[in-house]
Structure formats: C-alpha cells, structure tokens
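Spelled out, the chains give:
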Amino acid sequence: MAAASADGGRGGVSLCFATAGGVKALALSAFTLVWTHSIAKVDWQEDWRVTPAGLELVQARVKGTGPGMEPPPEARLVDGWFQWQPARAPMQEVVLGNSGAAGEWRLCHDGKCRTLSEIVGHPIGANVTKMSICDEQQK
C-alpha cells in the first residue's frame, strides 16, 4: 500500500469524499484505494496521489483475474499481484459506485484501512461517492 502523509494544515491539497450525507475532507498526499471484485472475490488496489492538478493514479494491482478485471498487457506478476502503472492524466473527480455485492471501498494510508462509511461517518450503502480535490469551501 502507498505511504501517505497528512499535510498538517500547511496549505496543501486535500482529498474530499462527497456522499448523499455530505462532504468529508482528508489531509492526505497519497493513499491506496482497495475493493473486492463482486464475482471473483479477489482484491484490486490502486495507489493514488493527491496533487494540485488532480487525483493521479500511480499504480494498480490485482490479485488474480476475473470478469471485467483483466490486467493490461504491460502488467507484470510481482509477489502474486499483477502490477502496472496506468498512463492517465490527473483526474478532477473519480466516481465510486457500489453494487453492495462485494463490500465497501476501503481507503488505506499510514498502515491502516477504513471503509468509506467509517471515513464519512455514516453508512454509504449502494450510493455513489465522488472523490475529488477539495475546494476552499470544503476544507
């Protein structure tokens, strides 16, 4: 998992999660997003950086394959995980859907993982969560 650190309020960018129940800001510079595939029941992990240009996907890895989760041709098997570096520009927003069939998205940093429901303080359920860089009103 990616090592992440809080910016300690020094004016860096923050990560925001927008749900039906409100917005939660986290002072992170990097994190790992984890979920379990609903059919194959294997984990998928993505390492992200929070930058002024947007959310940057740094590395992806999957432990096995399944419907809709085939690793790309450039993926390499490392310690049981197919790993690759996606070539994608930073994104202003990432929409996280949840079918409810495989558990919740988990965000990991500083060696700990929490579900999105734990992070935002209320059950997410099958609702969409939007992940983005916080604007000044959200911090």
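In the block above lies the structure referred to throughout.
Residues numbered from 1 in each chain as written. Predicted model: local features only at pLDDT ≥ 70, side-chain atom pairs only at ≥ 80, totals over all residues. Heavy atoms only, no water.

**Q** Where do I start with the pattern of salt bridges in this structure?
**A** On inspection of all chains with the given rule, the structure shows three salt bridges. Salt-bridge contacts for Arg61 lead to Asp47; the nearest nitrogen and oxygen are separated by 2.9 Å. Of the two residues, Arg61 sits in strand E5 (residues 54-62) while Asp47 sits in strand E4 (residues 43-51), which places them 14 residues apart along the sequence. Here Arg61 matches Asp47 in class, with each residue buried. When the shortest N-O distance is used, the salt bridge between Glu56 and Arg49 registers 2.7 Å. Given the relative accessible area of 23%, Glu56 is considered partly exposed. Exposure remark for Arg49: the relative accessible area of 38% places this residue in the partly exposed category. (Salt bridge = Lys/Arg side-chain N within 4 Å of Asp/Glu carboxyl O. Helix = DSSP H or I, 4+ residues; strand = E, 2+ residues; numbered from the N terminus. Buried < 20%, exposed > 50% of the residue type's maximum accessible area, 1.4 Å probe, protein only.)

**Q** Looking at this structure, I do not really get the state of the cysteines. What am I missing?
**A** Two cysteines, two sulfur atoms, one covalent bond between them: this is a disulfide. Using the criterion set out here, one finds two disulfides in the structure. Between the sulfur atoms of Cys16 and its disulfide partner Cys134 the distance amounts to 1.9 Å. Taking the sign of the S-S torsion, about 110° here, the bridge from Cys16 to Cys134 comes out right-handed. In this pair, Cys16 sits in strand E1 (residues 15-19) while Cys134 sits in the segment after strand E11 (129-133), placing the two residues 118 residues apart along the sequence. (Disulfide = S-S within 2.5 Å.)

**Q** What should I look at first to understand empty space enclosed by the protein in this one?
**A** Unoccupied space between atoms shows up once a probe the size of one water molecule is rolled over them. Inspection of the entire model under this criterion finds one cavity of 30 Å³ or more. The calculated volume of the largest cavity comes to roughly 30 Å³. Along the walls of the largest cavity sit Leu96, Asn98, Glu104, Trp105, Leu116, Ile124, Asn127 and Thr129, which together make up its complete lining. Residue composition of the lining of the largest cavity, by class: four nonpolar, three polar and one charged. (1 Å grid on protein atoms, 1.4 Å probe; cavity = no way out; pocket = protein on both sides within 12 Å on 5 of 7 lines; lining within 4 Å. Points joined across faces, edges and corners; volume = space filled by probe spheres on them. Nonpolar A, V, L, I, M, F, W, Y, C, P; charged D, E, K, R; others polar.)

**Q** Got a minute to help me understand the sheet that holds E1 in this structure?
**A** Across a sheet, paired strands are connected by hydrogen bonds in the backbone, their directions being either parallel or antiparallel. The four strands are arranged E2-E1-E11-E8 in an open sheet whose pairing can be described as antiparallel. Looking along the sheet, the strands with just one partner apiece sit at the ends: strand E2 (22-26) and strand E8 (93-96). Along the sheet, successive strands turn relative to each other by an average axial angle of 20°, direction set aside. (Pairing = 2+ DSSP bridges. Axes fitted to C-alpha atoms, helices over the stretch in contact; angles between N-to-C directions.)

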